[in-house]
Amino acid sequence: MEHQVSHRPPPRVLVFPLPAQGPVNSMLKLAELLALEGLYVTFLNTHFTHNRLLLHTDIQARFETYPGFLFKTISDGLPDDHPRSGDTIMEVIHSINSESKSIFKQLLLSNELGTSEGNPLVSCIIVDGIFGGFTTDIANELHIPIIHFRTFGACCIWVNMNIPNVIEAGELPVRGEEDMDRLIKNVPAMESFLRFRDLPSFCRASDLTDPNLQVFVQQTLHSPRAQAIILNTFEDLEGPILSRIRTLCPNIYSIGPLHMQLKRRLASKESSFQSSNSLFEVDRSCMTWLDAQPPKTVIYISFGSITVMKRNQLIEFWYGLVNSNIRFLWVARLDLVAGDGNHAQIPPELLEKTKDRGFIVGWAPQEEVLAHPAVGGFLTHSGWNSILESIVAAVPMICWPYFADQQVNSRFVSEVWKLGMDMKDVCDRKIIEKMLNDLMVERNEEFSKAANKMGRLARQSVHKGGSSYHNLDRLIEDIRLTSSGRFGRQVDIQINK
Ligand code: UDX
């Protein structure tokens, strides 16, 4: 991009992520992409998340190399000793939405976000859309352009946008277990395959005033109030759904897969320096183990950063894995199992058989693992980042969704993109064994073909001339225009209906 020579410093963008692994990872990648193209960035973490990043990564040193890059922290409103692991993330979201409005405004009015000598004031806010309500109120009040980054896929965002219609039509709440396979009629473009069980997990609440369901739906309804929406997706994956969302939010930047976009742009600037954004300590010993395995023989298993399972579910997975005779690399976080430790009272035969063909770590370098030639399949909780990373690496998936958007994502993986299988709401060693065998052996050719094709399209999208490459350039150009006040507004839309 050509820019007029100017003595004004570049625009400063404030980036505020949801404090969970997936969203922090993708927002840091976006922040790095903006910094790489010369924008100034202030990255606002919660104290807790920032301390975890400082403990397990080199972010301070890495981002110092970008002129004008700053980290700032904010309270999440919860006491220091409040638990923040696993699915307590919903408490963090509620707390930030209810407690942070005045702190956020004060920060924007202060000199703390990058107003040291020579640096400009914040000229654009990019916020996780789950905090879209209060941040948009403040941005409008202070006349600062705001963009909502929805860290889910477009498929889930479109479902969220339609949940008020689903409720109004009486399709929610669910009427019981026998109702779970009923097709949902009020999410346009998904009438033929979206069942009740594929709606975001919070829709299973019997009470429609459930706070988790409310935050999911209400915050999404704020999206059209933003100047634009960023989605970590690409047109060849979700084009038809993106078109639907554009009817409500015309200005969408689909710029994913962000991890691949960052790799490409770093490489084009002959800067290959890139490292982890992990909130957990990465155990690289699994890479040596993978090096010793034959090509495409290993199933990689990770349930992301939030999933919590019961001990009996862990045992079912473990038996399914060892009975399948397939080699496996398993990420078992220390807090994966609710209550007791992961390794308490594990039948000795499971530990014995794992020695033969399995490897277990607390946290892995996932992008590298998925790109390793030994990996032939991914058993995933269907978090959006995990799905994109699997797509880029052309690795077929078995999905075992836990919560939030994952129920929608897994339906799309199996029914729309045909990139694998959906094992939602089931945890049985025989089914696990059968699905592993299908993915890695019986139906491997079919899934690998689809995965290779989608992987190619994903990689092309971030090449020069690709849709996501173009959209990122457009985003950066538009942010530059914010300084001159030429950034447009989306359609006005009624919220809280
Ligand atoms: C959360 C929600 O759970 C998910 O539904 C939503 O789509 C995004 O926010 P999370 O559980 O963290 O995400 O899952 P995911 O989005 O898949 O992100 C996990 C990230 O951690 C990925 O980027 C993955 O590469 C990384 N990871 C995971 C590791 O680096 N090592 C691991 O061992 C496991």
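Rules used in this analysis
The written sequence of each chain sets the order in which its residues are numbered from 1. Where totals are concerned, whole chains, interfaces and linings use all residues; where local detail is concerned, this predicted model gives features only for residues with pLDDT of at least 70, and gives and counts side-chain atom pairs only at 80 or more. For side-chain calculations, the full set of non-hydrogen atoms in the structure is used, while hydrogens and water are omitted. UniProt positions are given in the numbering used here, feature names are shortened, and annotations may be inferred rather than shown by experiment. For this analysis, a nonpolar core means a set of buried residues of the types Ala, Val, Leu, Ile, Met, Phe, Trp, Tyr and Cys, connected via side-chain atoms within 4.5 Å. In this scheme, a residue with accessible area under 20% of its type's maximum is buried, one over 50% is exposed, and one in between is partly exposed, where area comes from a 1.4 Å probe on protein chains only. Where each domain starts and ends comes from a domain assignment, either automatic or drawn from a database. Note on contacts: a residue pair is in contact if any heavy atoms of the two residues lie within 4.5 Å. Strand pairing requires that DSSP identify at least two bridges connecting the strands. Put simply, DSSP H or I for four residues or longer makes a helix, DSSP E for two residues or longer makes a strand, and each gets a number counted from the N terminus. In this description, a line fitted to the C-alpha atoms serves as the axis of each element, helices being fitted only across the stretch in contact, and the angle between N-to-C directions of two axes falls anywhere from 0 to 180 degrees. Points on a 1 Å grid over protein atoms alone make up a cavity when a 1.4 Å probe fits among them but cannot get out, and a pocket when they form an open set with protein on both sides within 12 Å along at least five of seven lines; lining residues each have an atom within 4 Å of a point. Grid points are joined across faces, edges and corners, and a volume is the space filled by probe spheres set on the points. Each residue is assigned to one of three groups, with Ala, Val, Leu, Ile, Met, Phe, Trp, Tyr, Cys and Pro labelled nonpolar, Asp, Glu, Lys and Arg labelled charged, and all others, Gly among them, labelled polar. The near set for a molecule or strand comprises every residue that places at least one heavy atom within 4 Å of it. Side-chain atoms alone can form a polar contact between residues adjacent in sequence; in general such a contact is a pair of N or O atoms within 3.5 Å, and within protein one must be able to donate a hydrogen while the other accepts it. All accessibility values rest on the Shrake-Rupley procedure with a 1.4 Å probe; residue burial counts only the protein chains present in the view. More than half of a molecule's atoms within 2 Å of the grid points is what it takes for that molecule to sit in a cavity or pocket.

- An unreviewed UniProt entry lists the protein under the name Glycosyltransferase, with Ziziphus jujuba given as the organism.
- Annotation of the protein in UniProt includes, under Catalytic activity (unreviewed entry), the sentence "7-deoxyloganetate + UDP-alpha-D-glucose = 7-deoxyloganate + UDP + H(+)".
- Comment text from UniProt for the protein, heading Sequence similarities (unreviewed entry), reads "Belongs to the UDP-glycosyltransferase family."

1. Looking at the nonpolar core
Here is step 1 of the chain: Within the largest apolar cluster, 137 residues are counted, with the highest numbers of intra-cluster contacts made by Leu30, Leu34, Ile125, Ile126, Met190, Ile245 and Leu475.
Here is step 2 of the chain: Each of domain 1 (12-151 + 222-256 + 462-484) and domain 2 (285-458) contributes no fewer than three residues to this core.
Here is step 3 of the chain: Not counting the four nearest positions on each side in its chain, Leu475 is found in contact with Leu30, Leu34, Ile147, Ile230, Tyr253 and Ile255.

2. A closer look at the sheet that holds strand S5 (residues 146-150)
Here is step 1 of the chain: The strand order across the open sheet built from seven strands is S3-S2-S1-S4-S5-S6-S7, with neighbouring strands paired in parallel fashion. Pairing within the sheet leaves two strands with one partner each, and these edge strands are strand S3 (70-74) and strand S7 (252-254). In this sheet, adjacent strand axes meet at a mean angle of 25 degrees when their direction is disregarded.
Here is step 2 of the chain: As paired elements, strand S2 (residues 40-46) and S3 share five bridges and run parallel to each other. Opposite Asn45, over in S3, you have Thr73 as the bridge partner.
Here is step 3 of the chain: Across the sheet, helix H9 (residues 235-246) is in contact with strand S6 (228-231) and S7; its angle to S7 comes to roughly 170 degrees.

3. Remarks on the sheet that holds strand S9 (residues 327-331)
Here is step 1 of the chain: Spatial strand order, S10-S9-S8-S11-S12-S13: six strands in an open sheet with parallel pairing. Of all strands in the sheet, those bounded by a partner on one side alone are strand S10 (358-361) and strand S13 (420-422). The mean angle between the axes of side-by-side strands here comes to 15 degrees, regardless of whether they run parallel or antiparallel.
Here is step 2 of the chain: Bridging between S9 and S10 involves four bridges; their strand directions are parallel. Of the residues in S10, the one forming a bridge with Trp330 is Ile360.
Here is step 3 of the chain: In the packing of helix H12 (residues 311-324) onto the sheet, contacts are made with strand S8 (298-302), S9, S10 and strand S11 (375-380), and the angle to S9 comes to roughly 155 degrees.

4. A few points about the layout of surface pockets
In this approach a probe as big as a water molecule rolls over the atoms, and the regions it shows empty are the leftover space.
Here is step 1 of the chain: Quantified by volume, the largest pocket comes out at close to 940 Å³.
Here is step 2 of the chain: In this structure, the largest pocket is lined by 48 residues; those nearest its centre are Gln21, Gly22, Asn25, Asn385 and Glu389.
Here is step 3 of the chain: At the level of elements, helix H1 (21-36), helix H4 (89-99), S8, helix H14 (366-371) and helix H15 (384-392) are the ones that each hand at least two residues to the lining of the largest pocket.
Here is step 4 of the chain: With five residues, H1 is the largest single contributor of residues to the lining of the largest pocket.
Here is step 5 of the chain: Tallied by class, residues from the lining of the largest pocket come to 22 nonpolar, 19 polar and seven charged.
Here is step 6 of the chain: Per-domain counts for the lining of the largest pocket show at least three residues from each of domain 1 (12-151 + 222-256 + 462-484) and domain 2 (285-458).

5. Observations regarding the site of the ligand
Here is step 1 of the chain: Around the ligand sit 23 residues in total, of which Ser305, Ala364, Ser386, Glu389 and Asp405 are the nearest.
Here is step 2 of the chain: Between the ligand and Trp363 there is a distance of 3.3 Å, counted from a nitrogen atom to a side-chain nitrogen or oxygen.
Here is step 3 of the chain: One nitrogen or oxygen atom from the side chain of His381 is found 2.9 Å from an oxygen atom belonging to the ligand.
Here is step 4 of the chain: A total of 660 Å² of accessible area belongs to the ligand in isolation, and the protein chains cover 96% of it.
Here is step 5 of the chain: Among the cavities detected, the one that contains the ligand is the largest pocket.
Here is step 6 of the chain: Put simply, the parts of the chain that give the shell around the ligand at least two residues each are H1, S8 and H15.
Here is step 7 of the chain: Residue composition of the shell around the ligand, by class: nine nonpolar, 12 polar and two charged.

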